[in-house]
Amino acid sequence: MARSTRNVYLLLFIAIFIIMSLILYSSIDSPSSMRRADKNAEVLRLQQKMSSLEENLRRNGEEMDRLRKELRESERLRKELEKKEIEKENEIFDEKEEAREEVQKHVNKAAQVEDGNGEEDKAQVPEPRGGGNKAEVVRRFLSKTTKPARDVCPMRKEMSVPNSEIQMFDMYNLIDFANTDGGVWKQGWEVKYDAEAVKTEPQLEVIVVPHSHCDPGWLRTFEEYFDAQTKLILDGMATHLPQQDQMSFIYAEVSFFELWWRGLDEPTREKVKGLLSSGRLELVTGGWVMADEANTHYNAIIAELMEGHEWIKNHLPKEALPRVHWSIDPFGISPTVPYIMSAANITRAAIQRVHYSVKKELAKQRNLEFVWRQMWDSSKATDVRTHMFPFYSYDIPHTCGPDPKVCCQFDFRRLSGGGFAGCPWGIAPQLINEDNVATRAALIYDQYRKKAQLYKTNAVLIPLGDDFRYDTTFEWKQQYENFQKLFAYMNGQKEWNVKARFGTLSDYFSVLEKHTVEQKIDLPVLSGDFFTYADRDDHYWSGYFTSRPFYKQLDRVLQHYLRSAEIVFSLSHMSGGDSGPASEESFERLVRARRALALFQHHDGVTGTGKDHVVKDYGQKMLDALRDCEEVITVATEVLLQKKGSAAGQLQLDESRSAHDALPERRAAEVGSSLILFNALSTVRHEVACVRVADAKARVKRNGGEERPRQQLNPVVKLTGGVLVASQDEFELCFDTSIAPLSLQTYSVVSEASSTDDGERATVAGTARVESNDFKSASLPSGNVVLKNDRITAEFDAGTGMLESVTPVGASTATKTHMKFVKYGARGHKRMNNGGGDDLSGAYLFLPDGDAKDVPSGDSHYVVVQGPLVSRVYVQGPQEFRLLTTYSLDAGAPYVEITNEIDITERMQNVEVAMKIESSVDSADSIYTDLNGMQMIRRRRQLDRLPLQAHYYPMPGAAFVESAEERLSLMGAQALGVASLKPGELEVMLERRLLQDDGRGLQQGVMDNLRTVSHFRLMVERMGGERSAEDERMGFLSLPATSASRSLHYPWVKILSEVMNTARDYRSVLLHYFLLGRTATESHRKLVQTHGENAPSLHTCFNWFTRFKRGDYNLEHQPHPGRPSSRVRGRVLRELKANPKSSVRDIEKTIHIPKTTVARILHDAGKTPKLPQVIPHDLTTAQLKKRVDVCQGLLHRRSNFNWVSHIVAMDEKWITYDNPERKLQWVDVDEKPQQAPKAELHGKKELLCFFFSVLGPIYWEILPPGITIKADLFTTQLEEVAVRVPPKLLSEGKILMLMDNARPHHAKITQKKMDELEMEWLPHPPYSPDLSPCDYHCFRSLSNFCRGKKFKNRDALVKEFEAWINSKPQAFWKRGIETLPDRWRQVVTTKGAYIDY
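Parameters and conventions
- Residues numbered from 1 in each chain as written.
- Predicted model: local features only at pLDDT ≥ 70, side-chain atom pairs only at ≥ 80, totals over all residues.
- Heavy atoms only, no water.
- Patch = residues over 30% accessible without salt bridge, like charges linked within 9 Å, V, L, I, M, F, W, Y side chains within 5 Å.
- Areas by Shrake-Rupley, 256 points an atom, 1.4 Å probe, with all protein chains shown as cover.
- Salt bridge = Lys/Arg side-chain N within 4 Å of Asp/Glu carboxyl O.
- Helix = DSSP H or I, 4+ residues; strand = E, 2+ residues; numbered from the N terminus.
- Buried < 20%, exposed > 50% of the residue type's maximum accessible area, 1.4 Å probe, protein only.
- Pairing = 2+ DSSP bridges.
- Right-handed = clockwise from strand over helix to strand, strands pointing away.
- 1 Å grid on protein atoms, 1.4 Å probe; cavity = no way out; pocket = protein on both sides within 12 Å on 5 of 7 lines; lining within 4 Å.
- Points joined across faces, edges and corners; volume = space filled by probe spheres on them.
- Nonpolar A, V, L, I, M, F, W, Y, C, P; charged D, E, K, R; others polar.
- Disulfide = S-S within 2.5 Å.
- Polar contact = N/O pair within 3.5 Å; in protein donor to acceptor, adjacent residues only side chain to side chain.
- Contact = heavy atoms within 4.5 Å.
- Axes fitted to C-alpha atoms, helices over the stretch in contact; angles between N-to-C directions.
- Core = buried A, V, L, I, M, F, W, Y, C linked by side-chain atoms within 4.5 Å.
- Phe/Tyr/Trp six-rings, centres within 6.5 Å; stacked < 30°, edge-to-face > 60°.
- Lys NZ or Arg CZ within 6 Å of the ring centre and 35° of its normal.

(A) Spotlight on a nonpolar patch on the surface. A surface patch of nonpolar side chains, amounting to about 280 Å² of accessible area, comprises Met-908, Leu-995 and Met-1007. Relative to the assigned elements, Met-908 resides in the loop between strand 34 (896-902) and strand 35 (911-919).

(B) Spotlight on unusual backbone geometry. Between Phe-531 and the following residue, Thr-532, the backbone shows a cis peptide bond with an omega angle of 0 degrees. Following the sequence through the fold, Thr-532 ends up in the loop between strand 11 (525-527) and strand 12 (534-536). Positive phi is not limited to glycine here, since Asn-497 has a value of about 55 degrees. As for its position among the elements, Asn-497 is in the loop between helix 16 (473-491) and strand 10 (498-502). The phi dihedral of Arg-548 is positive, around 55 degrees, even though this residue is not glycine. Along the chain, Arg-548 turns up in the loop between strand 13 (539-540) and helix 18 (549-574).

(C) Structural detail: the pairing of strand 6 (residues 348-351). The alternating pattern of strand 6 places Arg-348 and Ala-350 on one face and Ala-349 and Ile-351 on the opposite face, and all of these are buried. Here three bridges tie strand 5 (residues 325-327) to strand 6, and the two strands are oriented parallel to one another. Bridge pairing in strand 6 places Ser-327 opposite Ile-351. In this fold, the crossover linking strand 5 to strand 6 by way of helix 12 (residues 336-343) has right-handed handedness. Across four bridges, strand 6 lies against strand 8 (residues 384-388) in parallel orientation. Across the sheet, residue Ile-351 finds its bridge partner in strand 8, namely Met-388.

(D) Geometry of empty space enclosed by the protein. Counted by the stated rule, this structure contains 13 cavities of 30 Å³ or more. The volume enclosed by the largest cavity comes to roughly 180 Å³. Lining the largest cavity are 15 residues, and of these Met-168, Phe-169, Tyr-172, Arg-938 and Arg-939 lie nearest its centre. Residue assignment for the lining of the largest cavity shows that the elements contributing at least two residues are helix 7 (168-174) and strand 37 (935-940). Split into classes, the residues belonging to the lining of the largest cavity amount to seven nonpolar, three polar and five charged. Surrounding the second largest cavity, 17 residues form its lining, Thr-285, Val-289, Met-290, Ala-291 and His-325 being those nearest its centre. Within the residue set of the lining of the second largest cavity, elements represented by two or more residues are helix 11 (298-315), strand 5 and helix 12.

(E) A look at the state of the cysteines. Within the structure shown, the criterion is met by three disulfides. One disulfide bridge connects Cys-400 with Cys-407, the sulfur atoms lying 2.0 Å from each other. Its S-S torsion of approximately -90 degrees makes the covalent link between Cys-400 and Cys-407 left-handed. Neither residue differs from the other here; Cys-400 and Cys-407 are each classed as buried. Between Cys-408 and Cys-423 runs a disulfide, and the two sulfur atoms are separated by 2.1 Å. Between Cys-408 and Cys-423 the disulfide shows an S-S torsion of about -100 degrees. By sign, it is left-handed. Taken together, the residues Cys-408 in the loop between helix 14 (404-407) and helix 15 (437-452) and Cys-423 in the loop between helix 14 and helix 15 connect sequence positions 15 residues apart. In this pair, the class of Cys-408 matches that of Cys-423, namely buried. Taken N- to C-terminal, the disulfide-bonded cysteines of the protein chain are connected 1-2, 3-4, 5-6.

(F) The sheet that holds strand 6, seen in detail. Read from one edge to the other, the open sheet built from six strands follows the order 1-11-7-8-6-5, with strand pairing classed as mixed. Where the open sheet ends on each side, the last strands, each with one partner, are strand 1 (166-167) and strand 5. Here strand 1 pairs with strand 11 via two bridges, running parallel. By the bridge assignment for strand 11, Ile-166 is matched with Leu-526.

(G) Looking closely at the side chain of Thr-399. When you line up the elements, Thr-399 lands in the loop between strand 8 and helix 14. Looking at Thr-399, the relative accessible area reads 2%, which means it is buried. A polar atom in the side chain of Thr-399 sits 3.1 Å from the backbone oxygen of Pro-463. Non-local contacts of Thr-399, meaning those with residues more than four positions away in its chain, are made with Phe-391, Ser-393, Tyr-394, Lys-451, Leu-461, Ile-462 and Pro-463.

(H) Up close: the pattern of salt bridges. Taken as a whole and assessed by the stated rule, the structure comprises 73 salt bridges. A salt bridge links Arg-589 to Asp-628, with the shortest nitrogen-to-oxygen separation between them at 2.7 Å. With Arg-589 in helix 19 (residues 581-600) and Asp-628 in helix 20 (residues 612-643), this pair connects stretches of sequence that are 39 residues apart. On the basis of relative accessibility, which here comes to 17%, the residue Arg-589 falls in the buried class. Taking relative accessible area as the criterion, Asp-628 reaches 8% and is therefore assigned buried. Of the charged contacts, one joins Arg-692 and Glu-730 as a salt bridge, the two residues approaching to 3.1 Å between their closest N and O atoms. Of this pair, Arg-692 sits in strand 19 (residues 685-693) while Glu-730 sits in strand 22 (residues 723-739), and the two are 38 residues apart along the sequence. Residues joined in a network through salt bridges with shared partners are Asp-411, Arg-413, Arg-414, Arg-469, Asp-471 and Glu-475.

(I) Structural view of the sheet that holds strand 20 (residues 698-702). Pairing is antiparallel in the open sheet, where five strands are placed in the order 14-45-18-23-20. Taken across any chain shown, the strands that pair with only one partner, and hence form the sheet edges, are strand 14 (651-653) and strand 20. Taking the axes of each pair of neighbouring strands and ignoring which way they run, one obtains an average angle of 30 degrees across the sheet. One ladder, built from five bridges, connects strand 20 with strand 23 (residues 743-751); its direction is antiparallel. Across the sheet, the residue bridging to Arg-702 is Tyr-747, located in strand 23. Along the sheet, helix 18 makes contact with strand 14, strand 18 (674-679) and strand 45 (1053-1057), crossing strand 18 at roughly 95 degrees.

(J) Examining the nonpolar core more closely. Met-237, Phe-257, Trp-260, Tyr-448, Phe-483 and Met-490 are the most contacted members of the largest nonpolar core, which has 124 residues in total. When residues in this core are grouped by element, the largest group, twelve residues, is from helix 20. Among all residues touching Met-237, those that are not within four sequence positions of it are Pro-242, Phe-249, Phe-257, Trp-260, Leu-275, Leu-281 and Trp-476. In this structure, Leu-1247, Met-1319, Leu-1342 and Ile-1377 belong to the second largest nonpolar core, which totals 57 residues.

(K) Molecular detail of the environment of Glu-897. Following the sequence through the fold, Glu-897 ends up in strand 34. Taking the C-alpha atoms as reference points, Glu-897 and Met-971, separated by 74 residues in sequence, lie 9.3 Å from one another. Contact partners of Glu-897, with chain neighbours within four places excluded, come to Thr-886, Tyr-887, Ser-888, Phe-1016, Arg-1017 and Leu-1048. Reaching out from Glu-897, the side chain makes a polar contact with the side chain of Arg-1017 at a distance of 2.9 Å.

(L) Just the packing of aromatic side chains, in detail. All chains considered together, the criterion is met by 62 aromatic pairs. The interplanar angle of 80 degrees and the centroid separation of 6.3 Å between the aromatic rings of Phe-531 and Phe-545 together place this pair among those described as edge-to-face. Of this pair, Phe-531 sits in the loop between strand 11 and strand 12 while Phe-545 is found in the loop between strand 13 and helix 18, placing the two residues 14 residues apart along the sequence. Across this residue pair, the class does not change: Phe-531 and Phe-545 are buried. Taken together, the ring pairs in this structure connect Phe-1250, Phe-1252, Trp-1260, Phe-1339, Phe-1361, Trp-1364, Phe-1372 and Trp-1373 into an aromatic cluster. Above the face of the Trp-1052 ring, Arg-685 is positioned so that its terminal group lies 4.6 Å from the ring centre. The ring of Phe-960 is capped by Arg-967, whose NZ or CZ atom sits 3.8 Å from the centre of that ring.

Below, the structure is given as structure tokens:
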């Protein structure tokens, strides 16, 4: 009785606790709109919750009683079985020797089984015929021994069957993809409702949510969008929202919000904080961007979300922390994102871009609102309450109800005077007044009611916004005032039984949850994903899985280096050695790098769906971020090495990029330098590491006295001019490594030609002849090429060099893995089923012209490099795509690594190129692909119901096909599209070039292709003989495949130290050792160990230590005191007079006087070096007068010169590959140098077209070789400029263009185009570069920047130009424009003479 009473009290206490928690939760989490709700309704809701809780408690009690009974019954059965076992043991004969022999046989047999491959029959040991229990214990142990450990995850069976009512995998079997015309709702049906029944139903609550979706890059760059629109939107919010007391607003992109916040004054900040605290302004999701969900890796999603949330937490009130997720524009929806959101305490979500047939099917069952649960979750811990938009788009015409022509009439921005296009359906909005409010309210109320029929409750969400909306006072005013009138009228109609108002997304979910409780509605549980997205017809958005693959790969490189930089930075801090200004600078670099990576996760960034110049902007930001990461890594590494008592020269990563659109170049380690490897993984790493070296005798020696690692020297094979060649000046050195988690290991690069040298050099064979004196040649075998390591054997076709099969060690048969390349074209226009218009393949859409066609191998060749540690096959692939495929087998690796380099930049037709692997794996109709690198999901092939393009899925990291016996896994280092169009096949799209737009708003094709590299690891694994259960909906990579994927994404961080070639380098190391407390002798010994005979002598070390002990840390030799004699001064000045262009070094060599003395004499004599003045042209009298007239006209154009800051200056310039030093002339300080004619340009050069303003460069282009500026090209450039010029640069609505009189600039078609673009040409006198800001300011600076430099190729030239741009602050560009009036005045004053130039 006492126990029962305690249970009653306990249950009562739990009930009271839950009720109070709910009350507190409601008071904290509910926004201001809920606090205005009717108190009686709140009490009713709480009573209903109490009733529901009591019922749940009762059910729980019954369930606990049932479980107790089952437990007691299970215990009883267990005891009975144990009793029978004991009885059985007593019946066994004690024949120990026989049992021991049989046991030994099976132990030996089991020992022969390796890695799960071998004899699987574990027959029981025959039972002895005598008594005794020892043999029986051994027998029982053997009978219970599991099968050999396999690579396949043992948790698969428990976690791969979803615990949900709706599974997206199964739904595709139910959906009718006929795409019939549904009437006004094209993709649905005619929605109806009973006007009488609604009077007695629960009240319809309509929450209208104003929003503005702001892309951080798409048609414009992030900064361009901010200047042109986003700043106006947020300024308008801060101005109008406080004035409109019933208005609400939601906003998502923290990247824009942070940039806007920086420029706010404190009163405005406080006002915005008040709006956030009151709940009228809501930040939704709170990520840095609205991330893409197909191509992103979960690490990057977490990074961009944390960057946004951290900023919110540090700058805004606690009420601003997001509680709801808003994903309305990503092109397909992944369950990974809600999982991450739930971990961030966001458990409500609104989503939009889902296949229109899926929406229709869910709407039929009124299941557009559901609880989204992860496929592996049985605990409900990952549940996210989700609302799905039912219609085509998130814009206003497609969100109020099923009829867009009606909804469009309630977009009041489209009223006359709003500066927005009218409704496409031809019926314009009307201002709401007393005369029309009844009919207008009835019209929109009808849409609200019809939309409500698609959901289970009478809560309706009505988004009110679109891309970059609310950027005008007109829209803020009209939307608010007109809807307020509509709400007032609707809410007053009792027979309509409706309550409509403005609110936030949290307001809506609060109303929804109230309705589900009051109406006792349980939302269905759904699991799965929403790929591949189609918005209409057979238009599947599977093209963007691959578009701009160069930058998709760069994204993962940045992710790796950023992660590594953060780890090394943290380790250096933990060591206590990294603090002060250097640490602060490193932290700032990390923040910049994080934000660059986060920005690219935007759904028009990593997707490859931005304008060309926007993609370049993303690329430049990522390149800058990579350089920031390199700086952080090298600085933090130096700190960690100092803590270990080690020292090296200046550090740098082993790879560098000359430009954002260039593939990385490997730096070669030189003998005498150091190599540092960093393991960024949390596990011990036993792998082969490879670095470039400059000497064939170079070897590595692990610092610390350990045994020299195994190593192998390989040739560096490249595809040059369509031919495989071996580099003659650099080599690849590979060696064994084993490094602890998150640790550094230092190696010395030494010259070591030993007796074992030949054994450490690879042999070279192949159908292509590779010339190299450093490696032995071998003959190819008569059949296929076979390479093997201790884990696998790989076979390559003797004719093409392409991979044919892989055999895991211990397997009796090979698995076919025939690899080839295929290509698709783009189909033409065709008639759609519902009468809609057709589009062609573009950045978003993949619409092929049929099945893929094999790419002929043609006259391909291959080279085989073979050695004890690494074996490689280099295949020169099809010439039309300049393919280079490299297969690698490293010692101990269970996979074949595949690297493809592809270049389709010269193709002038639509083409999409894929890598296809045809295997012998009987995978039936299934393929497993990953979601954001976090989970694997099963897909089914249904070519009889869905088109080919619907079978391409995102592959951010991995895919596999499997049968009961074997699995073929492919891990990738970048996001691409993947398909399995036949059993056993894997097809990965590598690159795509499309000449046309696909009608999704980008307004261009994809033609900015670059030579692109992609990395994969292919693994064949034996299975347990059991095919995956039919009800499995997800899969798991094996542990080896998971490990291979992680190390592919996070390879070794390889850091090189520069060789110490100068005395000063050694002095800096000596000072380092001195500060560490080492003696001169110890320091000398350390330098000799590392640098051999190049190290300074012991005597030199003692001398410098003596100076250090005096406190003299100056590493330079001190100059000798004393004034040069008059005789010496005379010799110097006479030499200068004879050769005024001599440099200090020239004079030193001629008269043998130290350069420091020469410099001192010239300085004392008042001499300074100046460049000769360049005279562009010998002006005639008429030309001088023309210059004066033009300048006078410009000076009197306006009453002031404010208009000058609106000028866009333009000019062309030849950039030469060879830029010799211009000789300086030594002259008196106030003396001008001699004039010199303008140099003629005869060498190799590239033509630069450059546009800039006071804000900086607007557009530039370095024309391809052989292309010159012509009128048609120039008009295209003007179109680009018009798109990029921010509104604040306009002068009375026009763009002021200042450019010279070159013929293409003023051709008829150019003038016509300028009129169309509303451009005004400012007059410019001929032969007047001194009046062109590009010439006298920018190009002069650029010439100085390039002086003395030679460029090997176009990439190096472009890199230097971009470096020049990046080196200039905004003040530089502003100064170049704003000095124009002074120059005009000077021309008038000097009667047309040239200004110093």
